[in-house]
Amino acid sequence: MEYNYFISNQGWIEFSYPSNLIYVEEVEGTYLFYTEQTGSFRITPLEIQSINFNTDDYLVDLCKENNGTILKNDVGYKYLYYISPSKNNDPDLKIFNWIFADVNKIVYCSYTIDAISIADPEIVEEHKEINKIIANLQIGKINSIG
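So, here is what we can say about the structure in this document. (Residues numbered from 1 in each chain as written. Predicted model: local features only at pLDDT ≥ 70, side-chain atom pairs only at ≥ 80, totals over all residues. Heavy atoms only, no water.)

### Topic: unusual backbone geometry
We count it as follows: Only DSSP runs of H or I covering at least 4 residues are called helices, and only runs of E covering at least 2 are called strands; the numbering of each starts at the N terminus.
Unusually for a residue other than glycine, N67 sits at a positive phi of about 50°. Mapping N67 onto the fold places it in the loop between α1 (55–66) and β6 (69–72). Phi angles above zero are rare outside glycine, and V103 is one such case at about 50°.

### Points about the pattern of salt bridges
Cut-off, in case you're wondering: What counts as a salt bridge is simple: a side-chain nitrogen of Lys or Arg found within 4 Å of a carboxyl oxygen of Asp or Glu. Each residue is assigned to one of three classes by its accessible area relative to the maximum for its type, calculated with a 1.4 Å probe on protein chains only: buried under 20%, partly exposed between the two thresholds, exposed over 50%.
Tallying each qualifying case throughout the model produces 4 salt bridges. Notably, a salt bridge pairs E47 with K105, separated by 3.6 Å at the nearest N-O pair. Here E47 is found in strand β5 (residues 40–47), whereas its partner K105 is found in strand β9 (residues 105–114), with 58 residues between them in sequence. The shortest N-O distance in the salt bridge between D56 and K78 comes to 3.0 Å. Residue D56 is located in helix α1, and its partner K78 is located in strand β7 (residues 78–84); the two are separated by 22 residues in the primary sequence. Given the relative accessible area of 32%, K78 is considered partly exposed.

### A few points about the pairing of strand β8 (residues 93–102)
The condition that has to hold: Following DSSP output, two strands are said to pair if at least two bridges run between them.
Of all 10 residues in β8, 7 are buried, a share of seventy percent or more. In this structure, β7 lies alongside β8, joined through 6 bridges in antiparallel fashion. Of the residues in β8, the one forming a bridge with Y79 is F100. Relative to β9, β8 is paired through 10 bridges, and the arrangement is antiparallel. Bridge pairing links A101 to I106 in β9. With antiparallel pairing between neighbouring strands as the criterion, β8 and β9 make up a hairpin whose turn holds 2 residues, including V103 at a positive phi of roughly 50°.

Note that all results are geometric; they support no functional claim without further evidence.
Pasting the structure below:
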């Protein structure tokens, strides 16, 4: 599989993603990666200006609200993982959510798919690629992988 390289406008998120995904910058700093046939992956990096922001408390609170699980990725960053319905409770959509919090930075990631197609080989393969991005996502440490 061939990959493209992404670095956020903020300069503190980078990763490689499958070249078949279309990349679009949405409003308010959200980045969309998608295909017409499979799912859509969104990533939104945010910087918190408060000096009293506690990332652990933030993740624990969100974990309780969303019945999620707090995990660490392969490079040591904590994140919350949970599955949610769409905003309009469309039963045909399934949304996988990952929320990273580190120092004064939060990164919201989501992957939305058609629930009916969850077992399709293309969706399964794409979901594996999204999980690779999550497993290797670093916040604030740019290594210029591209």
